[in-house]
Amino acid sequence: MPPSATSVILSSPPKVAHSEPQIVPATEALRATAFADVACNSSDQVEQHSKKFSISQTRKQLPKFSHQQVLKHDKEDDCWIIIDNLVYDVTSWVPKHPGGDIIYKFAGRDVTDLFLAFHLPQTERMKCTYLIGELTEPVPVNQMQKDCRKLREKFIKEGFFQSSLKFYILDNLYCIFLFGLVLLAQYFGVYWGNEDWLGGKQNCTLFRIVVGGALMGFFWQEVAALLHDSMHSELFHEMRFDDMVGWLYSCVCFGISGQWWKNNHNKHHAYPNCLNPDGTIADQQQDVRPFFVQYPTVKPYVTSIGEKLLIKIQHFTFIPIVWFVGRYAILIDSYVNRSRKHANWELFGFALHWAWVLCGVYHAGTTWKHSLSAYAIAAVVEGVLHLQLEMNHFCKPMIPLDQCVNGDIDFYSFQCITSRNVRLVIPFEWRLHGGLHKQVEHHMFPLIPRHNLHKLTPHIIEVCKKNGVVYDCTHTFPGAIWTVIKNLYNIGYMENPTVVH
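Student: An account of the packing of helix H12 (residues 343–362) against helix H13 (residues 368–391) is needed here, citing residue identities and associated values.
Tutor: Relative to each other, H12 and H13 sit at 120 degrees, their axes nearing to 8 Å. With respect to H13, the element H12 is oriented oblique. When you trace H12 past H13, the crossing you get is right-handed. In this structure, H12 uses Trp354, Val357, Val361 and Tyr362 to contact H13, whose residues at the interface are Ser371, Ala374 and Tyr375. Of the residues assigned to the contact of H12 with H13, the class counts are 6 nonpolar, 1 polar and no charged.

Student: Lay out the sheet that holds strand S4 (residues 86–89) in plain terms, naming residues and giving numbers.
Tutor: Taken together, the 5 strands give an open sheet; going across it, the order is S1-S5-S4-S3-S2, and neighbouring strands pair in mixed fashion. Both outer strands of the open sheet, strand S1 (64–65) and strand S2 (74–75), are each paired with one neighbouring strand and no more.

Student: I'd like to hear about the environment of Arg152, residue by residue, with values.
Tutor: Mapped onto the fold, Arg152 is located in helix H5 (residues 143–157). Separated by 292 residues in the primary sequence, Arg152 and Met444 place their C-alpha atoms 9.5 Å from one another.

Student: Go over empty space enclosed by the protein with me, naming the residues and quoting the values.
Tutor: On inspection of all chains with the given rule, the structure shows 2 cavities of 30 Å³ or more. A volume near 40 Å³ is recorded for the largest cavity. As for the largest cavity, its lining consists of Leu116, Ala117, Arg152, Phe161, Tyr412, Met444, Phe445, Pro446 and Leu447. Its residues assigned to classes, the lining of the largest cavity shows 8 nonpolar, no polar and 1 charged. Its volume calculated, the second largest cavity comes out at about 30 Å³.

Student: Quick one: what's the story with the side chain of His268, residue by residue and with numbers?
Tutor: Turning to its location among the elements, His268 is positioned in helix H9 (residues 258–270). Residue His268 is classed as buried on the basis of its relative accessible area of 3%. Among the polar contacts made by the side chain of His268, one reaches the side chain of His443 at a distance of 3.2 Å.

Student: Tell me about unusual backbone geometry, and name the residues and values.
Tutor: The linkage connecting Arg289 with the following residue, Pro290, adopts the cis geometry, with an omega of 10 degrees. Following the sequence through the fold, Pro290 ends up in the loop between strand S6 (274–275) and helix H10 (305–312). Not every positive phi belongs to a glycine, and Asn273 is a case in point at roughly 55 degrees. Locating Asn273 in the fold gives a position in the loop between H9 and S6.

Student: Break down the layout of surface pockets for me, with residues and values.
Tutor: Here the largest pocket is characterised by a volume of approximately 1200 Å³. Counted by class, the lining of the largest pocket contains 22 nonpolar, 19 polar and 6 charged residues.

Student: Residue-level account of helix H19 (residues 477–493), with values.
Tutor: Residues separated by three or four positions in an α-helix point in the same direction, a consequence of the helix having 3.6 residues per turn. The end-to-end C-alpha distance of H19, which contains 17 residues, comes to 25 Å, matching closely the 24 Å that a straight helix rising 1.5 Å per residue would cover. Within H19, the full set of buried residues consists of Phe477, Ala480, Ile481, Thr483, Val484, Ile485, Asn487, Leu488, Asn490, Ile491 and Gly492. Looking at the buried side of H19, the elements it contacts are H10, helix H11 (314–336), H13 and helix H16 (429–433). Its side-chain oxygen at 3.1 Å from the backbone nitrogen of Gly479, Thr476 defines the N-terminal cap of H19.

Student: Talk me through the nonpolar core; I want residue IDs and the actual numbers.
Tutor: Among the nonpolar cores identified, the biggest contains 54 residues, and Phe106, Met144, Tyr271, Met444, Phe445 and Ile460 are the most heavily contacted of them. Contributions of two or more residues to this core are made by strand S3 (78–83), S4, helix H4 (112–118), H5, helix H14 (401–405), helix H15 (411–417), helix H17 (439–444) and helix H18 (457–467). Excluding residues that lie within four positions of it along the chain, Tyr271 makes contacts with Ile102, Lys105, Phe106, Ala282, Asp283, Leu401 and Cys404. Formed by 33 residues, the second largest nonpolar core is a distinct cluster that contains Trp260, Ile330, Val361 and Ala364.

Student: Any chance you could break down the pattern of salt bridges for me, citing the residues and the numbers?
Tutor: With the rule as written, the count across this model stands at 15 salt bridges. Here Asp147 ties to Lys466 by a salt bridge, and the two come within 3.2 Å at their closest N and O atoms. With Asp147 in helix H5 and Lys466 in helix H18, this pair connects stretches of sequence that are 319 residues apart. Classification of Asp147 as buried rests on a relative accessible area of 8%. Here Asp171 and Arg450 are joined by a salt bridge, their closest N and O atoms 2.7 Å apart. Pair noted here: Asp171 is in helix H6 (residues 165–187) and Arg450 is in the loop between H17 and H18, with a separation of 279 residues, a long-range link. Exposure remark for Arg450: the relative accessible area of 2% places this residue in the buried category. Connected through shared salt-bridge partners, Asp171, Glu222, Asp229, Arg431 and Arg450 make up one network.

Procedures and definitions
Residues numbered from 1 in each chain as written. Predicted model: local features only at pLDDT ≥ 70, side-chain atom pairs only at ≥ 80, totals over all residues. Heavy atoms only, no water. Axes fitted to C-alpha atoms, helices over the stretch in contact; angles between N-to-C directions. Helix = DSSP H or I, 4+ residues; strand = E, 2+ residues; numbered from the N terminus. Parallel < 35°, antiparallel > 145°, perpendicular 65-115°, else oblique. Left-handed = near helix turned anticlockwise from the far one by under 90°. Contact = heavy atoms within 4.5 Å. Nonpolar A, V, L, I, M, F, W, Y, C, P; charged D, E, K, R; others polar. Pairing = 2+ DSSP bridges. 1 Å grid on protein atoms, 1.4 Å probe; cavity = no way out; pocket = protein on both sides within 12 Å on 5 of 7 lines; lining within 4 Å. Points joined across faces, edges and corners; volume = space filled by probe spheres on them. Buried < 20%, exposed > 50% of the residue type's maximum accessible area, 1.4 Å probe, protein only. Polar contact = N/O pair within 3.5 Å; in protein donor to acceptor, adjacent residues only side chain to side chain. Expected span 1.5 Å × (residues − 1). Core = buried A, V, L, I, M, F, W, Y, C linked by side-chain atoms within 4.5 Å. Salt bridge = Lys/Arg side-chain N within 4 Å of Asp/Glu carboxyl O.

If you want it as structure tokens, here you go:
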């Protein structure tokens, strides 16, 4: 049995005595040789950046760099990365990077597995433009990485990365159907039929408030899954088109900044449940302080009296805060920290969102209290989504960011350690979770559409078992909630708390 992948620590990179060679961009001929295995055939892009090289050069003439030399280029104005033992200067590319500025966190380091996780083969030719050299010594790779890279190749060949047109058409039709029910329920009694069959005007108003509000919440929950898929480019595997429909799902339908969510979610996938050196949460989508301390490694950083009091009652406040406040928290966070990318389009989307929402809740009753009640019910129903999302990573290990960035724990093991699957037990529960109950599979291979995630499970279980990595899929949804509450109690009250997974 091989040692646990979680214990594999990359050895210190060797030092090389020679001075840093001159950096020049590679030619078309050189890149064709260096990247025959990744189909570097974008001649226009290569030609644009290949004026300084002679056609006679080969890959053997690539400049050589040691790990230590590359590590020096770890700044925003001097950003190098390593992919498959080749060195790239991406300083000019990061501001244009569709995935945001996440590259800066890994500047000067090996990002091979991270690159594979977020990019399909047809995008790999973009690397050619920024190739500047190769390493003198290869980056150490453990067995878990080798096995998962083989799995990725296998999944590509078997078509698991391909989206199902039928699935997404049906999913969109279901959302349209829900939206139609929202309009019908909230306008019912205003433009349709006689109120008397519901027992009078008061009962009809209650129907519009409760049923209309609940249906609006269900609509938000369903469209959130489509928002997630589009921002992962799982629908079309084409950034432009996915961002366009993502704008519709996020800004117009759900009411948040899609680019803000995308930037934070990319970071969440790159370093989930990570801690900064000062104890703050690097993974912003899991940053729940000061209300909760979800793992013992965070507790030593709790110094204020207020936060100490809050963690004493966190096992009581967890469900009310996440469930009932989640909708309002994500709206505020989105508007305050929204991305400046496509800012005007997003403002237009917000205007459309609040136009249909306010119009709906206005017609749900006869007073402003009725309207607020309808929106509150919608927020509570949609709040189940936030509870589901927290179950995926809450009270899983919180690990120093340096261990993730420096490769002390490999990418695939890191995703397994920090993620939790939910075991389905009742019919139609897949719909309740939006198909994202397979969180381990999703984090290891985030570009595979959620309707294919179940196909990955036996392969990933086999690889995890082989490499001694825990695959967490023991809890039902209520069981996961109960486990989290017990852990929050232990963290709040025990001096040396233990966490049950």
